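What the coordinates show
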Amino acid sequence: MQRREFFKVVAGVGAVIVAPSLITTDLRADDGRLYKTYNKVQLVDAKGNPILASKLLEEENYIFNYPYVGVSSFLIALPEKTETDVTLKSESGEEYIWKGGIGKKGNIVAYSSICSHQMTHVHKNESFISYQKKGQKTMACKQTGVMVCGSHLSAYDANKGCKVISGPAPQPLASIVLEHHDDDTLWAVGVLGSDKFHEFFKAFKSELKEQYGGARKAKKKVKETAQVVTLAEFTKDIIQY
Amino acid sequence: MNRRDILKFGAISAAAATVTLTGCTTSPKPDDSVKPAVGMGSKAPLPAAKGPRVVIVGGGWSGLSVAKYTKKFAPNADVVLVEQRTQFHSCPISNLYLVGAVDLEFITHDYLQAARENKYTYFNASAIGIDKAQKIVKTTNGDIDYDYLVLAPGIDYDYSPWNVDLATEQRLRTEYPAGFMSPSEHMTIKSKLEDFEGGNFIITVPGGNYRCLPAPYERACLIADYFKKNEIEGKVLILDANPDITIKSEGFHSAYDEMYKDYVEYVPNAAIMSVDLENKKVIAGELEDEFEFSDAAFYPHVRGGKLLEVCGVAKDNAFNKMEGNIDPFTYEVIGEKNIFVAGDARPMGYSKSGNTSNSEGHYLGKLLAERITKNKDIPWKSPLTVCYSAVSAMPNHAISVRAEYEFKGKTLAGFTNVELSQEWRGKIGENNGKALMEWAKGMYRDMFNA
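Keep in mind that this is a model prediction, so the values were computed, not measured. (Residues numbered from 1 in each chain as written. Chains lettered and ligands numbered in written order. Predicted model: local features only at pLDDT ≥ 70, side-chain atom pairs only at ≥ 80, totals over all residues. Heavy atoms only, no water.)

Observations concerning the overall build of chain B
Counting secondary structure elements, chain B contains eleven helices and 24 strands. For chain B, the residues scored as buried account for 58% of the 450 residues in total. Nonlocal contacts in chain B, meaning residues at least 24 apart in sequence, comprise 67% of its contacts between residues at least 6 apart. (Helix = DSSP H or I, 4+ residues; strand = E, 2+ residues; numbered from the N terminus. Buried < 20%, exposed > 50% of the residue type's maximum accessible area, 1.4 Å probe, protein only. Contact = heavy atoms within 4.5 Å.)

Looking at helix α8 (residues 249-258) of chain B
Within α8(B) the residues assigned to the buried category are G251(B), F252(B), S254(B), A255(B) and Y256(B). Structurally, α8(B) contributes buried residues whose contacts are with α7 (215-229), β12 (234-240), β13 (264-267), β22 (385-392) and β23 (397-408) of chain B.

A short note on a nonpolar patch on the surface
A cluster of nonpolar side chains, contributed by F415(B), V418(B) and L420(B), occupies part of the molecular surface with about 260 Å² of accessible area. Residue placement: F415(B) occurs in strand β24 (residues 411-421). (Patch = residues over 30% accessible without salt bridge, like charges linked within 9 Å, V, L, I, M, F, W, Y side chains within 5 Å. Areas by Shrake-Rupley, 256 points an atom, 1.4 Å probe, with all protein chains shown as cover. Salt bridge = Lys/Arg side-chain N within 4 Å of Asp/Glu carboxyl O.)

Remarks on the interface of chain B and chain A
With 26 residues of chain B at the contact, the number on the chain A side is 26 residues. For the pairing of chain B and chain A, the buried interface totals around 2000 Å² over both sides, and the portion due to carbon and sulfur atoms is 50%. Three residues stand out in chain B for area buried against chain A, namely R402(B), E438(B) and R445(B), and they jointly supply 26% of the buried area on that side. The interface formed by chain B and chain A includes four salt bridges. The salt bridge partner of E91(A) is K72(B), with a shortest N-O separation of 3.0 Å. The interface formed by chain B and chain A holds twelve residue pairs in polar contact (both at pLDDT 80 or more) in total. Among the secondary structure elements, those contributing two or more residues to the side of chain B that touches chain A are α2 (61-73), β22, β23, β24 and α11 (426-448) of chain B. Considering each element in turn, the side of chain B that touches chain A owes the most residues, eleven residues, to α11(B). (Buried area = accessible area lost by both parts, 1.4 Å probe. Polar contact = N/O pair within 3.5 Å; in protein donor to acceptor, adjacent residues only side chain to side chain.)

Observations concerning the confidence of the model for chain B
Caution applies to low-pLDDT regions: their predicted coordinates should not be interpreted in detail. Summarising the model, chain B shows a mean pLDDT of 92, and 91% of its residues fall at 70 or more. Scored below 50 in pLDDT, residues 1-32 of chain B shows 18 contacts in the model against residues more than four places distant or in partner chains. (pLDDT = per-residue confidence, 0-100.)

What about the sheet that holds strand β17 (residues 295-297) of chain B?
Residue and element names in this part refer to chain B. The four strands are arranged β13-β12-β11-β17 in an open sheet whose pairing can be described as parallel. Both edges of this open sheet fall to β13 and β17, since each of them pairs with a single strand only. Averaged over neighbouring strand pairs, the angle between their axes works out to 20° when direction is ignored. Here strand β11 (residues 199-205) pairs with β12 via seven bridges, running parallel. Following the sheet pairing, G199 is matched in β12 by G234. (Pairing = 2+ DSSP bridges. Axes fitted to C-alpha atoms, helices over the stretch in contact; angles between N-to-C directions.)

Quick notes on α7(B)
Structural remark: α-helix, 3.6 residues per turn; residues separated by three or four positions point the same way. Along its 15 residues, α7(B) runs 21 Å from first to last C-alpha, staying within 8% of the 21 Å computed at 1.5 Å per residue. The buried fraction of α7(B) amounts to 13 of the 15 residues, a majority that puts the element mostly inside the structure. (Expected span 1.5 Å × (residues − 1).)

Quick look at a positive patch on the surface
Side chains of R216(A), K217(A), K220(A) and K223(A) sit close together on the surface and give a patch of like positive charge. Within the fold, K217(A) resides in helix α3 (residues 215-218). (Lys, Arg positive; Asp, Glu negative; His and termini not counted. Charge placed at Lys NZ, Arg CZ, Asp CG, Glu CD.)

Focus: the packing of aromatic side chains
Inspection of every chain in the model, using the stated rule, returns 38 aromatic pairs over all chains. Seen from their ring centres, Y38(A) and Y68(A) are 5.6 Å apart, and the 75° between their planes marks the pair as edge-to-face. Placement of the pair is Y38(A) in strand β4 (residues 32-44) and Y68(A) in the loop between β5 (62-65) and β6 (72-77), with a sequence separation of 30 residues. Assessed through its relative accessible area of 12%, Y68(A) is described here as buried. Taking 5.8 Å as the distance between ring centres and 70° as the angle between the ring planes, the aromatic pair formed by F106(B) and Y444(B) counts as edge-to-face. (Phe/Tyr/Trp six-rings, centres within 6.5 Å; stacked < 30°, edge-to-face > 60°.)

Brief notes about the sheet that holds strand β21 (residues 339-341) of chain B
Residues and elements named next belong to chain B. In spatial order, the strands read β5-β2-β1-β9-β21; together these five strands make up an open sheet with parallel pairing. Looking at strand neighbours, the two that pair on one side only are β5 (121-124) and β21, the edges of this open sheet. Neighbour-to-neighbour, the strand axes of the sheet open up by a mean angle of 20°, direction not taken into account. Both strand β1 (residues 53-57) and strand β2 (residues 78-83) contribute to a ladder of five bridges, which runs parallel. Bridged to V55 within β2 is V80.

Focus: the pattern of salt bridges
Applying the stated criterion across every chain, the model contains 37 salt bridges over all chains. A salt bridge links E83(A) to K160(A); its shortest N-O distance comes to 3.9 Å. Remark: K160(A) occurs in the loop between β12 (154-157) and β13 (163-166) and E83(A) occurs in the loop between β6 and β7 (86-89); sequence separation between them is 77 residues. For E83(A), a relative accessible area of 37% gives the class partly exposed. Under the relative-accessibility criterion, K160(A) is labelled partly exposed at 27%. Where E258(B) meets R425(B), a salt bridge forms, and the shortest distance between an N and an O atom there is 2.5 Å.

Below you can see the structure in the form of structure tokens.
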């Protein structure tokens with residue numbers, strides 16, 4: 001099993017080192033949530049077969065719901081190994097370290113689709129946020145191969161834990177912590193970084209009711225497996241700038 | 001209570017406020033011991049501040065953003081938002097309201113919700129002056145002490161370049177409103193379009209730095225679209241005081257030429273020289289061309305909100321009259337510690353628009369919080385202009401621009417990091433149209449947690 005072994009949370013003094021599997025509740029730096037474990041679930045395809053890391057198409061936007069039924073997240077095989085040990089900072093100033101991508105190439109990453117600016121997210125009808133391929137120009141920044149939220153033109157560097165490159169986003173996208181097992185399967189185990197889940201569920205009650213039959217259903221935690229589909233399969237319209 | 005009920009209630013509360021402000025009561029025996037609040041040194045009915053008090057005057061895009069982010073980053077601050085209106089109406093998206101593409105509810109939001117969600121006080125009153133020495137904001141509902149004061153009164157109209165008398169000015173404001181300040185103006189213009197039977201509909205574009213550079217051009221597109229779809233034999237005359245369309249020029253020109261060839265006539269260098277409302281004619285341009293109109297939305301020059309002048313913190317600049325006399329990096333009034341001017345009343349040549357004011361409010365809120373908590377300032381950060389303009393409605397097709405600002409020393413050098421999307425045709429234009437609505441919803445979420 002390959003996994004980023006430890007996640008460092010850099011607070012005001014010193015560094016806190018934790019192994020996610022040992023934590024069953026929130027780990028906090030100051031008052032913020034920087035790492036939280038959720039149900040360990042296997043990523044599977046539409047037929048229930050395990051997603052294999054080596055079979056992921058590079059630079060394809062894949063979507064799976066995690067850690068809640070109503071929260072969509074990105075799974076991306078980037079075209080190259082990610083940077084490692086990237087220091088990130090939440091809006092409230094807490095620092096933490098993102099260890100990098102997983103997989104044999106160290107290029108597989110996963111992020112919550114909820115933009116940290118105003119919570120634009122992947123919806124079944126349309127998506128204004130997505131990973132845009134290397135060479136694909138974007139209005140949000142000069143760099144390519146980035147996550148872009150087209151609503152207010154925030155850009156994130158998927159190669160660096162979704163560190164903000166430009167635009168109004170105040171902090172990185174929350175990172176979905178993955179495990180890559182020896183049999184090439186992928187598992188989601190937790191969330192690193194300041195998420196927007198509470199605010200999201202509050203702000204989008206009517207949308208969640210429409211899509212999932214109610215906020216309570218949307219707030220249920222994903223168990224056992226999470227189905228992975230392409231963004232094009234998940235949403236009717238992909239809007240990119 | 002749903003939002004429609006809030007809209008109804010808003011009208012009732014506005015009427016109640018009017019009763020209160022006139023001094024009338026329903027009591028059969030008026031209480032003679034109650035002294036008038038205005039100008040008598042009466043304290044506002046607010047609890048004593050438990051921390052540094054930040055008073056923000058003006059509940060527009062700027063004021064709401066400053067209030068939220070000051071409180072967020074300085075939780076011990078006692079933030080009070082003074083606003084005379086009982087409901088928020090968004091100028092952004094209002095052009096779509098004019099042509100029925102969105103309802104009034106979409107652009108109407110609840111100040112109380114903003115205050116509840118963001119844990120500051122909404123104080124429903126008009127600010128009528130300040131006492132700098134005593135650090136007091138005087139309002140129609142009493143005096144408020146402040147430690148930090150942000151004045152965000154927005155714009156006012158300046159009809160003086162048109163050389164009209166006061167009677168004509170009042171008629172222009174009432175019968176042919178510009179549509180960039182109050183929801184009543186929007187309702188009036190919408191009603192005009194619904195009743196329009198044909199002829200010329202004049203839209204004017206002022207010189208200087210007016211509120212929302214592309215908005216008059218967007219409005220022309222949408223009105224032309226409305227005429228076209230409703231088979232109204234009308235033409236939109238755009239009398240532009242500027243030598244050309246001031247922003248997204250290529251996109252707007254191509255829309256006029258290709259989509260609205262028979263419905264839009266664009267006239268540059270057409271500053272209004274005189275207005276004859278009786279005969280429905282205007283004289284415009286150096287050659288004094290005459291234009292007849294059936295109806296119009298006359299948009300004059302803009303100036304800083306009147307309150308700045310009353311407070312003695314206003315100054316004429318290269319663009320407009322009576323805007324804030326402030327440091328361009330901290331927004332602090334020159335010579336007045338901890339008094340700030342923000343939003344469309346700022347003198348810097350930024351786009352006077354929602355996204356600019358919102359992003360600027362984020363910065364100023366953080367600056368105030370830093371002063372409160374650490375007694376220092378944060379590095380200047382440029383506001384961000386993200387602006388989508390519809391060129392047709394239902395379905396919406398739009399064009400867009402993204403820009404930041406840079407300085408040379410203390411002088412604004414202009415736009416930087418500019419990205420334009422001026423293709424309104426096909427999928428690109430359609431996506432821009434969808435993004436326009438998503439942009440608006442996100443902004444409302446920010447200010448109101450709605």
